[in-house]
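# Remarks on the overall topology
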Amino acid sequence: MSPAQSPRRALPLLLLVVAAAACGGNGAPPADQAQAAAGPQAKPGAPGDPMAAIEVTGFMTPESVLHDSVADVYLVSNINGTPTDKDDNGFISRVTPTGEIEQLKWIDGAAPAVTLHGPKGLAVKGDTRYVADIDCVRRFLRTSGAPAGEICFRGATFLNDIAMDVSGTLYVTDSGLNPDFSPSGTDAIWRFSPDGQTSKLQQGDSLGHPNGIAFNDQDGYVVTFGSGEIYQFGPDNKRRVVLPGASGRALDGIVFTNDGGYAFSSWGDSAVYVVTGQGATSKLLEHAEADSPADIGYDAKRNRILVPLFTPNKVVIKQIPAAPVAAPAGGG
Ligand SMILES: [Ca+2]
Ligand SMILES: [Ca+2]
């Protein structure tokens, strides 16, 4: 991507490529979708190598993965088509930690009682699941997946990721994009309650098309698809830059990890980065293994990053390597 291109110009181009890929371009189903029709498959890592990535195929435009630590299952949101089409064909899959698809269409927009268009970010609070879906957040029972109402956000165009802070308050980002992926001007971080109270915590173009959101004990962290930056906001609601923006970096997901660090995904770099609690940054996945990495999840029990690959219709499960043990002082 030319350095002369501004993020604002680069973003619609990137998303149009994505939309074309999601649609199969010329109308023919992509090879991976044809494979999905033939049934899901898991390709476990090499036997005896616990650090090898587990690759699970058979999804349809997977956008987000969440570890439900109570059920010990990975939930995958599948847009199935383009991100803003209200086509009611989105679905949520259940995947076991060993990489088997337990149920591909566990919550299915095609079912008469379920509305689900282009599901993206996921969250669990108590016995309720929350799913961001274009302009509403849809609720489902955590255990059965039965629909349990929705919360809609006035004027929202591209609700993307959901997170919960330490006090249990829920947040959802609006990436501020029209169906043709031009900026819609609705960039926002919304705060909402389970009973449907909504308010804008932050809004405006300076949010840079906010995408992934996550909370540690005190602060919210946001990664942006447009400006390619990471910023945090604390209890005072002031924004502080964590990673300065870069044209074309196109960040999607962010999670906090057990060691006090975090991980985030970049479409522009085809990479998933891990930042340790001490601040050291490394690539966990890169190149083809991280083609269009969307909203990553985290399995805190196993210290794994869960990576939906939006265009190749895969999920990659990857262990974070243990930190090197410091050499004992004095040597000898
Ligand atoms: Ca859809
Ligand atoms: Ca996202």
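Look up a bit, the structure's there.
These remarks concern the structure in this document. (Residues numbered from 1 in each chain as written. Chains lettered and ligands numbered in written order. Predicted model: local features only at pLDDT ≥ 70, side-chain atom pairs only at ≥ 80, totals over all residues. Heavy atoms only, no water.)

## Digging into the overall build of the protein chain
Along the protein chain, the regular secondary structure elements total two helices and 25 strands. In the protein chain, buried positions account for 54% of the 332 residues. Look at the contacts in the protein chain between residues 6 or more apart in sequence, and 43% of them connect residues 24 or more apart. Summed over its atoms, the accessible surface of the protein chain is roughly 13800 Å², and 53% of this surface lies on carbon and sulfur atoms. (Helix = DSSP H or I, 4+ residues; strand = E, 2+ residues; numbered from the N terminus. Buried < 20%, exposed > 50% of the residue type's maximum accessible area, 1.4 Å probe, protein only. Contact = heavy atoms within 4.5 Å. Areas by Shrake-Rupley, 256 points an atom, 1.4 Å probe, with all protein chains shown as cover.)

## Looking at the coordination of the calcium ion (ligand 1)
Only I79 (O), N80 (O), D87 (OD), D87 (OD), N89 (OD1) and H117 (O) from the protein reach the calcium ion (ligand 1) as donors, at distances of 2.3 to 2.8 Å. Considering all six donor atoms around the calcium ion (ligand 1), the spread of angles at the metal, 50 to 160°, places the coordination shape in the irregular class. (Donors = N, O, S within 2.8 Å, 3.2 Å for Na, K, Ca; no water. Tetrahedral: all angles 85-135°; square planar, octahedral: opposite > 155°, others 65-115°.)

## Some points on the state of the cysteines
For the structure shown, the criterion picks out one disulfide. Between the sulfur of C136 and that of C152 lies a disulfide, 1.9 Å long from S to S. Between C136 and C152 the disulfide shows an S-S torsion of about 95°. By sign, it is right-handed. You can see C136 sitting in strand β9 (residues 136–141) and its partner C152 sitting in strand β10 (residues 147–152), a full 16 residues away along the chain. On the accessibility criterion, C136 (6% relative accessible area) is buried. (Disulfide = S-S within 2.5 Å.)

## Side note on the sheet that holds strand β7 (residues 122–125)
In spatial order, the strands read β7-β8-β9-β10; together these four strands make up an open sheet with antiparallel pairing. Of all the strands in the sheet, the pair left with one neighbour each is β7 and β10. In this sheet, neighbouring strand axes are inclined to one another by 25° on average, regardless of whether the strands run parallel or antiparallel. As defined by bridge partners, β9 adjoins β10 across four bridges and the pair is classed as antiparallel. Within β10, the residue paired with C136 across the bridge is C152. (Pairing = 2+ DSSP bridges. Axes fitted to C-alpha atoms, helices over the stretch in contact; angles between N-to-C directions.)

## Regarding the nonpolar core
Core analysis: the biggest nonpolar cluster contains 15 residues, and I296, I305 and V307 have the highest contact counts within it. Looking at this core, the elements with two or more residues in it are β21 (271–275), β22 (281–286) and β24 (304–309). Broken down by element, this core gets its largest block of residues, three residues, from β24. Excluding residues that lie within four positions of it along the chain, V307 makes contacts with V272, L285, P293, I296, K314, V315 and V316. Residues F153, A156, L159 and F192 belong to the second largest nonpolar core, which totals 14 residues. (Core = buried A, V, L, I, M, F, W, Y, C linked by side-chain atoms within 4.5 Å.)

## Looking at the layout of surface pockets
Empty space among the atoms can be located by rolling a probe the size of a water molecule over them. Considering only enclosed or pocket space, the largest pocket measures out at about 870 Å³ in volume. Lining the largest pocket are 35 residues, with L66, M164, F215, V255 and Y298 sitting closest to its centre. Among the secondary structure elements, those contributing two or more residues to the lining of the largest pocket are β3 (62–68), β7, β11 (159–164), β15 (210–215), β19 (251–256) and β23 (297–299). The element that contributes the greatest number of residues to the lining of the largest pocket is β3, accounting for five residues. Taken together, the residues that form the lining of the largest pocket break down as 19 nonpolar, nine polar and seven charged. In this model, the second largest pocket occupies a volume close to 310 Å³. (1 Å grid on protein atoms, 1.4 Å probe; cavity = no way out; pocket = protein on both sides within 12 Å on 5 of 7 lines; lining within 4 Å. Points joined across faces, edges and corners; volume = space filled by probe spheres on them. Nonpolar A, V, L, I, M, F, W, Y, C, P; charged D, E, K, R; others polar.)

## Re the coordination of the calcium ion (ligand 2)
Donor atoms from the polypeptide that coordinate the calcium ion (ligand 2) comprise E63 (OE), N160 (OD1), N211 (OD1) and D252 (OD), at 2.3 to 2.4 Å from the metal. On the primary sequence, the residues serving as donors to the calcium ion (ligand 2) are separated as E-x96-N-x50-N-x40-D. Of this pair, N160 sits in strand β11 while D252 is found in strand β19, placing the two residues 92 residues apart along the sequence. Assigned by exposure class, N160 and D252 land together as buried.

## Focus: the pattern of salt bridges
Where charged atoms from two side chains of opposite charge approach closely, those side chains can pair. Using the criterion set out here, one finds 13 salt bridges in the structure. Ionic pairing is found between K314 and E55, a salt bridge with its closest N-O pair at 3.4 Å. Taken as a pair, K314 in strand β25 (residues 314–319) and E55 in strand β2 (residues 54–57) lie far apart in primary sequence, 259 residues in all. K314 sits in the partly exposed class, given a relative accessible area of 22%. (Salt bridge = Lys/Arg side-chain N within 4 Å of Asp/Glu carboxyl O.)

## Things to note about the pairing of β22
Note: β21 against β22, five bridges, orientation antiparallel. The residue of β22 that forms the bridge with V275 is T281. Linking β21 back to β22 in an antiparallel pair, the connection comprises five residues, with G279 at a positive phi of about 95°.

## So, the packing of aromatic side chains
Per the stated rule, a full pass over the model turns up twelve aromatic pairs. Taking the centre distance of 5.6 Å and the plane angle of 85° together, the rings of F225 and W267 count as edge-to-face. Separated by 42 residues along the polypeptide, F225 in the loop between β16 (220–224) and β17 (230–233) and W267 in the loop between β20 (262–266) and β21 bring together distant segments of the chain. What makes W267 buried here is its relative accessible area of 11%. Three or more aromatic residues link up through ring pairs in this structure, and these residues are Y221, F256, Y262, F264 and Y273. (Phe/Tyr/Trp six-rings, centres within 6.5 Å; stacked < 30°, edge-to-face > 60°.)

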